[in-house]
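Chain residues, written in single-letter form:
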Number of protein chains: 2
Amino acid sequence: MKFIIIGGDAAGMSAASRAKRNRPDMDVIVLEKTFDVSYSACGMPYNLADSKRSMDDLVVRQADVFRDRQKIDLRTGHLVEAIDINRKAVRGTKHDGSKFELPYDKLLLATGASPVIPKLPGFDLLGVTNMKSLDDGRIIKQFITDNKVKNVVVIGMGYIALEMCEAFRALGIEVDMIKPRSVFIPWMNDKLASAIKTEVENNNVRIYLGHSIEKIVKTEDGLKVICRNLDLSCQMVFVAVGISPNSQLAQDAGLELGPSGSISVDKTLCTSNPDIYAAGDCADAYHVVTGRKTWIPVALRANRGGWAVADNVTGVKAELQGVAGTAVFKVFDIQVARTGLGMDEAKELDFEPVEAVIESRSRAHAHPGSSSILVQMVGDRKSGRLIGVQMVGKEGVAHRINAAAVALHAGMTVDEFVQSDLAYAPPFSPVWDPMLTAANQLLKRI
Amino acid sequence: MKFIIIGGDAAGMSAASRAKRNRPDMDVIVLEKTFDVSYSACGMPYNLADSKRSMDDLVVRQADVFRDRQKIDLRTGHLVEAIDINRKAVRGTKHDGSKFELPYDKLLLATGASPVIPKLPGFDLLGVTNMKSLDDGRIIKQFITDNKVKNVVVIGMGYIALEMCEAFRALGIEVDMIKPRSVFIPWMNDKLASAIKTEVENNNVRIYLGHSIEKIVKTEDGLKVICRNLDLSCQMVFVAVGISPNSQLAQDAGLELGPSGSISVDKTLCTSNPDIYAAGDCADAYHVVTGRKTWIPVALRANRGGWAVADNVTGVKAELQGVAGTAVFKVFDIQVARTGLGMDEAKELDFEPVEAVIESRSRAHAHPGSSSILVQMVGDRKSGRLIGVQMVGKEGVAHRINAAAVALHAGMTVDEFVQSDLAYAPPFSPVWDPMLTAANQLLKRI
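The model shown is predicted, which means the values in this text are computed figures rather than measured ones. (Residues numbered from 1 in each chain as written. Chains lettered and ligands numbered in written order. Predicted model: local features only at pLDDT ≥ 70, side-chain atom pairs only at ≥ 80, totals over all residues. Heavy atoms only, no water.)

1. Overview of the overall build of chain A
- Secondary structure assignment for chain A yields twelve helices and 25 strands.
- In terms of overall size, chain A behaves like a compact globule, its C-alpha atoms giving a radius of gyration of 23 Å where 446 residues would be expected to give roughly 22 Å.
- Viewed in the frame of its principal axes, chain A has a C-alpha envelope of about 65 × 60 × 40 Å.
- Evaluated residue by residue, chain A yields a buried proportion of 59% over its 446 residues.
- Relative to all contacts within chain A whose residues are 6 or more apart in sequence, the contacts with residues 24 or more apart total 62%.
- Surface accessibility of chain A: about 17,400 Å² in total, with carbon and sulfur atoms responsible for 47%.
- The centroid of the 53 positive side-chain charges in chain A is displaced by 1 Å from the centroid of its 53 negative side-chain charges. (Helix = DSSP H or I, 4+ residues; strand = E, 2+ residues; numbered from the N terminus. Rg over C-alpha atoms; globule rule 2.2 N^0.38 Å. Buried < 20%, exposed > 50% of the residue type's maximum accessible area, 1.4 Å probe, protein only. Contact = heavy atoms within 4.5 Å. Areas by Shrake-Rupley, 256 points an atom, 1.4 Å probe, with all protein chains shown as cover. Lys, Arg positive; Asp, Glu negative; His and termini not counted. Charge placed at Lys NZ, Arg CZ, Asp CG, Glu CD.)

Right under this line is the structure:
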């Protein structure tokens, strides 16, 4: 039994390790185009912020550990270029230019996602950077050192852009953020988004909204981002306008695609071809709130997906019920978390969304060190269900969101959720947890 | 319509406020034996630790605000001594010694709980303290200042004892803790309890387990706690060996009692008499995991209970589904949280409990500042249900427990819980949240 895995990051290596654990006799081959496997991509902004640390710190497990201890046939520098579904084989090119072809019994596509790069002049210039692989991180770190970078223009305002902007500021670099849309964080409630914007601006980052970028040009002493009514000079540009799934191989092989061009999989992570699975950032998933397909590339789903595929390939039936769209990030001293649907998303689907937006505190009345927590909670008037929560605050946000995520998985109504026996002690919460305060308000409106 | 409430703390004042909001025309009378209403009792250890703060900081709302703005007939210094259920009246004594009698249409018992004081010689000496009311806190604070207290013996090792021991240490006071039982925290998994014990001892608190106390005696320069094989000298003793519900009034009136002598109520918080409700620390509740009655005195339940009673009394039907037994406290730099059942509790009931105990980290691989998180997760082999979680760690424990609490309310199986889409970002969690790591382990055993 030959199990071939394309891609050696979270989903791929999780699948390889678990397959070998489940069935030590199985022939597990991982084909990775780079020379890095199993690293914490999400840790790159924090690593960048610390000039004393090497990007290699982010490697969770060295390639040789997979090879020697786990007996995984890990082949780095192997770029797969085609899948022949009739002959059940993959073909590609090695790093040295030689070709390879390998037959498979079961195949896993764990090809990840890539940053979207606008097709505009100058985005290929030296100093115009983006970040997905560990090599991207190494390049940025080196570029900053070599060029003594003092100012950066960040294009985009998603969570990677924001995390990177914090990292640049930690290095004493001036940051301008720019994007074409006029709304700072479109998926977020205005009041919550505004609290984040204030935090970012308080850290001396200039935010330019609603500026269409025309091109980037090289200047005598760096780069210039040219917009319709605005030019921004800098030494480096960081592009983070979104990512898209690496599904070309799947598409070429005739596999069914899902939302945003991701690879469509069922709950067992099987694609439209019964011998081919997909997991991680390249694959779609069911959303537990909507029951529909969605594409939300996050690390936990990749690891969990890798395990589920390994189980299914080794004969242990595994089904993933779906994602709730839970995410958290930090920007400067603010924690931002969400799960489920926002108002706009909910309106576009079959919901009749109602929201409550409340401001509460991170600690009890009179407890020192307390700070503001903003909560937006969304319920569906038709079903009474809780369908989404967003939260912003200096502390107690990142883990608090998990209670709402579990409620979404359980399909709880707001009426049920409001009865939850949540933890209280003065250093950690008001007696009524901010989420319960939001639920109490929402209950009145729904 | 005359609604009389006995007790002006969390449950009582929540009920009074909400009843007036629901029905401004209702005659709402609160009879409180002390002169303090609506204060954060849980904040007392933290207030004590800060010699610059007054205990009065903990008052959430002054009596006059309830009277003037909310039009609640709040009568402090009114001790109720009897309920006449036939004549539907309460009788008692005012602070000035005069008697009163008041008829009611609906009555709420929100009489709270009192510290258990061992019936042993010397527990009534000056300097032998305990803490429930704001006055208790004032007395302790004053006693420490007046006597320049340098050492305290704490009897008991529950969460109030531990919080107080942190407060005493913050004031530079030497602390000896002592109790008769040989197990440090009996309801907790050994490994987790041991981590807490180490933290307490690292903060120079001496812990004496398995010492039966015989008496407390006065000495020339203070007090001496005398045990069978050990004498501990100190200037002050703090007693925190447990609390018991104030249910004497209810018992005298012939109302049905529940676990630990608490007042038995149904899901509408009604006692065995249809015109009498009970809420807060004096009342029992259903446990959402066991479906049985339990007595767990915590602040959120008191507030929630007060609201539910007000709703029911004013014609808005409200039912409380029950408690999950969620609790959190901090001792020095350690956060301790629990929800649901421990192994021993589960064994005593109809469960076949299986546990997983794991050690994980508070932040992602290679993220600076990470610390250990210990999780015990308990499932029931018969039903597959998740039935309890305990957690100990320096960060990320207090709010994380809420996800498990919600899962208990939803009656989730371990198999369902393990699929939860929990939040991940490097500063806040490993990719697999510690709770998911525990659930993954538990799933293998269950």
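After that view, the rundown keeps rolling.
2. Considerations on the pairing of strand β22 (residues 334-340) of chain B
Residue and element names in this part refer to chain B.
- Of all the seven residues making up β22, seven are buried; the element is thus mostly covered by neighbouring parts of the structure.
- Pairing geometry for strand β21 (residues 327-331) and β22, over five bridges, is antiparallel. Each bridged residue has a counterpart across the sheet, and for phenylalanine 329 the counterpart in β22 is valine 336.
- The turn linking β21 back onto β22 is made up of two residues, and phenylalanine 332 within it adopts a positive phi angle of 55°.
- Two strands pair when backbone bridges link them, and β22 and strand β25 (residues 386-393) are joined in this way by six bridges, in the antiparallel orientation. By the bridge assignment, threonine 339 is partnered in β25 with valine 389. (Pairing = 2+ DSSP bridges.)

3. A look at the relation of the copies chain B and chain A
- For the match of chain B to chain A, the screw axis carries a shift of 0.0 Å, the RMSD comes to 0.0 Å, and the turn is 180°. In symmetry terms, the pair is related by a two-fold rotation axis. For chain B, the smallest separation between a C-alpha atom and the rotation axis is recorded for B:Ala403, amounting to 1.9 Å.
- Interface overlap between copies: 100% of the residues of chain B at the interface are likewise at the interface in chain A, consistent with a symmetric, same-surface contact. (Least-squares fit on C-alpha atoms with pLDDT ≥ 70 in both.)

4. Description of helix α1 (residues 10-22) of chain A
All names here are of chain A.
- Between its first and last C-alpha atoms α1 spans 18 Å; for 13 residues at 1.5 Å apiece the expected length is 18 Å, and the two agree.
- Taking burial as the measure, the 13 residues of α1 include ten buried ones, the bulk of the element.
- Residues of α1 that are buried: Ala11, Gly12, Met13, Ser14, Ala15, Ala16, Ser17, Arg18, Ala19 and Lys20.
- Buried residues belonging to α1 abut β1 (2-6), β2 (27-32), α3 (63-69), β3 (73-76), β7 (106-109) and α8 (299-313). (Expected span 1.5 Å × (residues − 1).)

5. Observations concerning the interface of chain B and chain A
- Taken together, the contacts link 60 residues of chain B with 60 residues of chain A.
- Summed over both partners, the interface of chain B with chain A buries about 5,200 Å², with 66% contributed by carbon and sulfur atoms.
- Here the side of chain B that touches chain A takes eight residues from helix α10 (residues 401-410) of chain B, the largest share from any one element.
- Counted by class, the side of chain B that touches chain A contains 35 nonpolar, 17 polar and eight charged residues. (Buried area = accessible area lost by both parts, 1.4 Å probe. Nonpolar A, V, L, I, M, F, W, Y, C, P; charged D, E, K, R; others polar.)

6. Here's the deal with the packing of aromatic side chains
- Evaluated as defined, the whole model comprises six aromatic pairs over all chains.
- Taking the centre distance of 6.0 Å and the plane angle of 25° together, the rings of A:Tyr159 and A:Phe329 count as stacked. One end of the pair, A:Tyr159, is in helix α5 (residues 159-170); the other, A:Phe329, is in strand β21 (residues 327-331), and 170 residues separate them in sequence.
- With relative accessibility at 5%, the residue A:Phe329 sits in the buried group.
- Ring geometry for A:Trp432 against B:Trp307: centres 4.6 Å apart, planes inclined by 25°, an arrangement best described as stacked. Of the two residues, A:Trp432 is situated in the loop between α11 (414-417) and α12 (434-445) and B:Trp307 in helix α8 (residues 299-313); the pairing between them involves two chains. Here A:Trp432 matches B:Trp307 in class, with each residue buried.
- Between A:Arg338 and the ring centre of A:Trp187, over which it is positioned, the NZ or CZ distance is 4.6 Å.
- Of note, B:Lys267 hangs over the ring of B:Tyr286, and the distance from its end group to the ring centre comes to 5.3 Å. (Phe/Tyr/Trp six-rings, centres within 6.5 Å; stacked < 30°, edge-to-face > 60°. Lys NZ or Arg CZ within 6 Å of the ring centre and 35° of its normal.)

7. Comments concerning the state of the cysteines
Residues and elements named next belong to chain A.
- Here the structure, examined in full by the defined rule, presents zero disulfides over all chains.
- Sulfur of cysteine 227: no disulfide; nearest cysteine sulfur belongs to cysteine 234 and is 11 Å away.
- Look at cysteine 234 and you get buried, because its relative accessible area is 5%. (Disulfide = S-S within 2.5 Å.)

8. Thoughts on the nonpolar core
- Core analysis: the biggest nonpolar cluster contains 86 residues, and A:Met377, A:Val389, A:Phe417, B:Met377, B:Val389 and B:Phe417 have the highest contact counts within it.
- The contacts of A:Phe417, once residues within four sequence positions are left out, are A:Met377, A:Leu386, A:Ala403, A:Ala404, A:Ala407, A:Met412, A:Met435, A:Leu436, A:Ala439 and B:Val406. (Core = buried A, V, L, I, M, F, W, Y, C linked by side-chain atoms within 4.5 Å.)

9. Examining the pattern of salt bridges
- All told, the structure shown has 53 salt bridges over all chains when counted by the stated rule.
- Across the pair A:Arg138 and A:Asp135 runs a salt bridge, and its minimum N-O distance is 2.8 Å. One end of the pair, A:Arg138, and the other, A:Asp135, are both in helix α4 (residues 134-146), three residues apart, so they sit about a helical turn from each other.
- A relative accessible area of 23% places A:Arg138 in the partly exposed class.
- A salt bridge links B:Asp36 to B:Arg138, with the shortest nitrogen-to-oxygen separation between them at 2.8 Å. Here B:Asp36, found in the loop between β2 (27-32) and α2 (44-48), pairs with B:Arg138, found in helix α4 (residues 134-146); they are 102 residues apart in sequence, far enough to count as distant.
- Of the residues examined, B:Asp36 reaches a relative accessible area of 12% and is grouped as buried.
- Through salt bridges with shared partners, one network takes in A:Asp36, A:Asp56, A:Asp135 and A:Arg138. (Salt bridge = Lys/Arg side-chain N within 4 Å of Asp/Glu carboxyl O.)

10. Describing the packing of helix α10 (residues 401-410) of chain A against α10(B)
- Where α10(A) contacts α10(B), the axes come no closer than 7 Å and their chain directions differ by 25°. The angle between α10(A) and α10(B) falls in the class roughly parallel. For the pair α10(A) and α10(B), the crossing hand works out as right-handed. Here A:Asn402, A:Ala403, A:Val406, A:Ala407 and A:Ala410 of α10(A) lie close against α10(B), whose contacting residues are B:Asn402, B:Ala403, B:Val406, B:Ala407 and B:Ala410.
- Among the residues forming the contact of α10(A) with α10(B), the class breakdown is eight nonpolar, two polar and no charged. (Axes fitted to C-alpha atoms, helices over the stretch in contact; angles between N-to-C directions. Parallel < 35°, antiparallel > 145°, perpendicular 65-115°, else oblique. Left-handed = near helix turned anticlockwise from the far one by under 90°.)

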